[in-house]
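As a plain string of letters, each chain reads:
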Amino acid sequence: MSNTLQQNLTIRRMHWADISAVDQLESELFPTDHWSVEQWWRELAAEHNHYWVAELSGKVIGYCGLSAQAPDADIQTIAIGVEHQGGGLGGRLLDYVLAAANELSIQFIFLEVRADNHSAISLYSSRHFSRISERAKYYPDGETAIILRRDSKRTDTEVQR
Ligand SMILES: CC(C)(COP(=O)(O)OP(=O)(O)OC[C@H]1O[C@@H](n2cnc3c(N)ncnc32)[C@H](O)[C@@H]1OP(=O)(O)O)[C@@H](O)C(=O)NCCC(=O)NCCS
């Protein structure tokens, strides 16, 4: 099942016309602190930002964004719709972004993740992101943010939990 899903996944650049579908997914996945439509417009317009959507049968089921200024980049967001999670699609999307970062001559990729987001931490760990610091009470509900970094020249370390 998951192999079939992965084979059928299409990843392409996000366009303005995708904002409505992405906004709907975003509201479902981040009910308390999701981006507004206006913020999506700003994100897509920003010079150093790169956004992609993941599609199954023409339907947007995920998205990811990278803000890149070599040699550094930040993963702004990554998400897969609830009904498609756990099937390897998040991994496929992240691998695509890592390859894109490589083409942009990025060495260090940073991101923030909630300390209680075990599936995301597991995903990043499997792609050699390492914990470099944390910010207590970073999120509106008081949860800690863990800051991760991936060094493309040294991808043999695991996230320390
Ligand atoms: C994080 C997210 C993108 C992962 O997408 P996904 O399609 O579920 O990921 P995959 O199926 O590729 O699995 C990725 C890893 O998470 C693990 N995983 C999946 N669901 C899990 C769960 N409920 N608990 C723990 N680990 C889990 C998988 O085993 C896999 O680990 P592995 O590569 O070591 O086997 C997805 O869960 C999501 O969109 N979450 C909501 C938005 C979010 O939190 N984004 C991250 C913000 S930093």
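A brief report on the enclosed structure follows.

What counts, and at which threshold
Residues numbered from 1 in each chain as written. Predicted model: local features only at pLDDT ≥ 70, side-chain atom pairs only at ≥ 80, totals over all residues. Heavy atoms only, no water. Helix = DSSP H or I, 4+ residues; strand = E, 2+ residues; numbered from the N terminus. Buried < 20%, exposed > 50% of the residue type's maximum accessible area, 1.4 Å probe, protein only. Lys, Arg positive; Asp, Glu negative; His and termini not counted. Salt bridge = Lys/Arg side-chain N within 4 Å of Asp/Glu carboxyl O. Polar contact = N/O pair within 3.5 Å; in protein donor to acceptor, adjacent residues only side chain to side chain. Core = buried A, V, L, I, M, F, W, Y, C linked by side-chain atoms within 4.5 Å. Domains from an automatic or database assignment. Contact = heavy atoms within 4.5 Å. Near = heavy atom within 4 Å. Areas by Shrake-Rupley, 256 points an atom, 1.4 Å probe, with all protein chains shown as cover. Nonpolar A, V, L, I, M, F, W, Y, C, P; charged D, E, K, R; others polar.

With that settled, consider the side chain of Arg150. Inspection of the secondary structure assignment puts Arg150 in strand S7 (residues 145-151). Put simply, Arg150 is tucked away with no salt bridge, and the nearest opposite charge, on Asp95, sits 7.0 Å away. There is a polar contact of 2.7 Å between the side chain of Arg150 and the backbone oxygen of Arg127.

Residues Leu66, Ile75, Leu94, Ile109, Val113, Tyr124 and Phe129 are the most contacted members of the largest nonpolar core, which totals 32 residues. Among the elements that take part in this core, helix H4 (residues 89-103) stands out by supplying seven residues, more than any other. When residues of this core are sorted by domain, at least three fall in each of domain 1 (2-106) and domain 2 (109-161). Not counting chain neighbours up to four residues away, the residues in contact with Val113 comprise Ala120, Ile121, Tyr124, Tyr139, Thr144, Ala145, Ile146 and Leu148. Judged by nonpolar contacts, the second largest core, of twelve residues, contains Ile19, Trp35, Tyr63 and Ala79.

Right, let's talk about unusual backbone geometry for a bit. Cis geometry is adopted by the peptide bond preceding Pro71, which originates at Ala70 and carries an omega value of 10 degrees. Mapped onto the fold, Pro71 is located in the loop between strand S3 (59-69) and strand S4 (72-80). You will see that Ser57, though not glycine, has its phi angle at about 50 degrees, which is positive. Among the secondary structure elements, Ser57 is positioned in the loop between strand S2 (49-56) and S3. One non-glycine residue, His128, lies in the positive phi region at around 70 degrees.

Quick look at the environment of Ala120 now. With respect to the element layout, Ala120 can be found in helix H5 (residues 118-126). Put simply, Ala120 and Glu143 are 23 residues apart on the chain and 15 Å apart in space, counted from C-alpha to C-alpha.

It is worth spelling out the site of the ligand at this point. Not every one of the 21 residues close to the ligand is listed here, only the nearest: Ile80, Gly86, Gly88, Gly90 and Asn117. Between the ligand and Gly87, the relevant distance is 3.2 Å, taken from an oxygen atom to a main-chain nitrogen or oxygen of the residue. Interatomic distance of 2.7 Å between a backbone N/O atom of Gly88 and an oxygen atom of the ligand. Expressed as a share of its isolated accessible area of 930 Å², the protein-covered part of the ligand is 68%. Taken together, the elements giving at least two residues each to the shell around the ligand come down to S4, H4, strand S5 (108-114) and H5. Looking at which element gives the most residues to the shell around the ligand, the answer is H5, with six residues. Residue composition of the shell around the ligand, grouped by class: nine nonpolar, ten polar and two charged. Inspection of the shell around the ligand shows a minimum of three residues originating in each of domain 1 (2-106) and domain 2 (109-161).

As far as function goes, none of this settles anything; it's purely spatial.
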